[in-house]
Amino acid sequence: MQFLTDFTPELVVASPGRINLIGEHTDYNLGYVLPAAIARKITFNFQRNNSDDRCHIYSKQYKTGFSIDLKSVRRSAMEWENYLLGVIHEITKKTDRLRGFNCTIESDLPAGSGLSSSAALECGLAFGLNDLFGLGLSKISMVKLSQRAEHNFVGTQCGIMDQFASVMGADGHAMLLDCRSLDHTHIPMELAPYKMVMLNTKVSHNLASSAYNIRKSECEEGVSILKAKYPEVQSLRDVNTPMLLECRDRMNTTVFNRCSFIISENNRVLAMVDALRKKDLNNIGALLYEAHEGIRTLYEVSCPESDFLVDFAKKHPEVLGARQTGGGFGGCVLHLVHEKSVTRFVESATHAYKKKFNIPLEAFEVRPSRGTTITYTK
Ligand code: GLA
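With respect to the overall build of the protein chain
For the protein chain, the count of helices and strands is ten helices and 13 strands. Relative to the globule expectation of 21 Å for 378 residues, the C-alpha radius of gyration of the protein chain, 21 Å, shows essentially globular dimensions. Viewed in the frame of its principal axes, the protein chain has a C-alpha envelope of about 60 × 55 × 40 Å. Out of the 378 residues belonging to the protein chain, those deemed buried represent 60%. Sequence separation of 24 or more characterises 72% of the internal contacts of the protein chain that already satisfy a separation of 6 or more. About 15600 Å² of surface is accessible on the protein chain, with carbon and sulfur atoms providing 48% of the total. Side chains of the protein chain give 44 positive and 42 negative charges; the mean places of these two sets differ by 2 Å.

Okay, structure coming up:
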């Protein structure tokens, strides 16, 4: 199959990845998260192709593409295609205004690294098609339909954080998002003299998607046990530690630990916002380490590689704090490193990691950036 790999676009969309400063797995428990869109992104070029229903999408990264007919959008065996097919499918459920188009995709976001290249793919396509065909979708409805695409076509029962952060991000700010009301506040991220350095473990353990859904159902089990005693409880968001302790005997240790992590992680998000507002750098770092400990021991979504990096960071005073970011089982570890020591620290971490796992570490700085944007329109 021949694809148009280069054409003069009618529309160009930049769709960023995200980091999550803190608040992991709290989104589908309707709690708080504190993510930020980052300058690393997926770029989409679009043009209408004058057909009623033929769509051609080509990935410059994978050097391959696929074609579909809008009348019969089905799941594919290729995971990356499903993020896009899911979005097209969700859009066709809402409107019949979509027509044939050509699209090329280019990315500087490493896939499977916990920076949410999946949400960037979904939201960038939704944004582009919305503009190209004048669909009139609001930002929030594109966020929600992208999340549904992931549920229905990819099979990960993800929360709303990634899509929300990718679309709604603001330069220089993280966003405190209440995942129940979807109220959000942009919080300035002033971390000087520290830089946000991501160390990519380069592992993405393939149990991640099924383990993710299992974590979600363990939390739901916790909620149903808590509800028997506290009927007002709708999600772990409504639970505090004394309530959980009261029900401890009725749940197994795993469910207790999962619930315990979520309750403390929600509190850490609010404590982090407070620390950012007060520029209390030491507390910011301590909260990152504390969160990773919960990720490791209670929620059990870390892995030897990310644990190694966090332990390594703890031995280096130039690092304020570190933790694995994203869904888990690998991906990137966020480090706050003193600006004077970034090069030296990255070198020694790279050396130690290579020695231990024989994997070349990848390091890059990130900064909070704006959400999905149209960068060119004819
Ligand atoms: C993945 C999901 C998000 C969120 C994180 C964990 O990135 O897509 O919805 O649950 O994991 O915080």
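That shown, we press on.
Considerations on the packing of aromatic side chains
Within this structure, the stated rule accounts for eleven aromatic pairs. Between Phe 44 and Phe 46, the aromatic rings sit 5.9 Å apart at their centres with planes inclined by 5°, giving stacked as the arrangement. Residue Phe 46 is classed as buried on the basis of its relative accessible area of 0%. With 6.4 Å between their ring centres and 55° between their planes, Phe 46 and Phe 101 make a pair best called tilted. Here the residue Phe 46 occupies a position in strand β3 (residues 35-48), and Phe 101 occupies one in strand β6 (residues 101-107), the gap between them amounting to 55 residues. Each member of the pair Phe 46 and Phe 101 is classed as buried. Pairwise contacts between aromatic rings join Phe 308, Phe 312, Phe 345, Tyr 353 and Phe 357 into one cluster. Over the aromatic face of Phe 364 sits the side chain of Arg 40, whose NZ or CZ is 4.1 Å from the ring centroid. Over the face of the ring belonging to Phe 256 we find Arg 248, whose NZ or CZ atom lies 4.0 Å from the ring centre.

As for helix α3 (residues 139-154)
Under the 1.5 Å per step criterion, the end-to-end length of α3 is 22 Å for 16 residues, consistent within 8% with the ideal 22 Å. Along α3, the residues classified as buried are Ser 141, Met 142, Val 143, Leu 145, Ser 146, Gln 147, Ala 149, Glu 150, Phe 153 and Val 154. After α3 finishes, the residue Gly 155 shows a positive phi value of roughly 95°.

Points about the site of the ligand
Taken together, the neighbourhood of the ligand is formed by Arg 18, Glu 24, His 25, Asp 27, Tyr 28, Cys 158, Gly 159, Met 161, Asp 162, Tyr 212, Gly 326 and Gly 327. In the environment of the ligand, an oxygen atom lies 3.1 Å from a nitrogen or oxygen atom belonging to the side chain of Arg 18. Between the ligand and Asp 27 there is a distance of 2.5 Å, counted from an oxygen atom to a side-chain nitrogen or oxygen. Coverage of the ligand by the protein amounts to 93% of the 310 Å² it exposes when considered alone. Of the residues in the shell around the ligand, the class split is four nonpolar, four polar and four charged.

A closer look at the sheet that holds strand β8 (residues 184-188)
One open sheet accounts for three strands, arranged β2-β7-β8; its pairing is antiparallel. Only two strands of the sheet have a single neighbouring strand rather than two, namely β2 (32-33) and β8. The pairing of β2 with strand β7 (residues 173-178) spans two bridges and is antiparallel. Across the sheet, the residue bridging to Val 33 is Leu 177, located in β7.

Conventions and cut-offs
- Residues numbered from 1 in each chain as written.
- Predicted model: local features only at pLDDT ≥ 70, side-chain atom pairs only at ≥ 80, totals over all residues.
- Heavy atoms only, no water.
- Helix = DSSP H or I, 4+ residues; strand = E, 2+ residues; numbered from the N terminus.
- Rg over C-alpha atoms; globule rule 2.2 N^0.38 Å.
- Buried < 20%, exposed > 50% of the residue type's maximum accessible area, 1.4 Å probe, protein only.
- Contact = heavy atoms within 4.5 Å.
- Areas by Shrake-Rupley, 256 points an atom, 1.4 Å probe, with all protein chains shown as cover.
- Lys, Arg positive; Asp, Glu negative; His and termini not counted.
- Charge placed at Lys NZ, Arg CZ, Asp CG, Glu CD.
- Phe/Tyr/Trp six-rings, centres within 6.5 Å; stacked < 30°, edge-to-face > 60°.
- Lys NZ or Arg CZ within 6 Å of the ring centre and 35° of its normal.
- Expected span 1.5 Å × (residues − 1).
- Near = heavy atom within 4 Å.
- Polar contact = N/O pair within 3.5 Å; in protein donor to acceptor, adjacent residues only side chain to side chain.
- Nonpolar A, V, L, I, M, F, W, Y, C, P; charged D, E, K, R; others polar.
- Pairing = 2+ DSSP bridges.

Any link to function would need more than the numbers given here.
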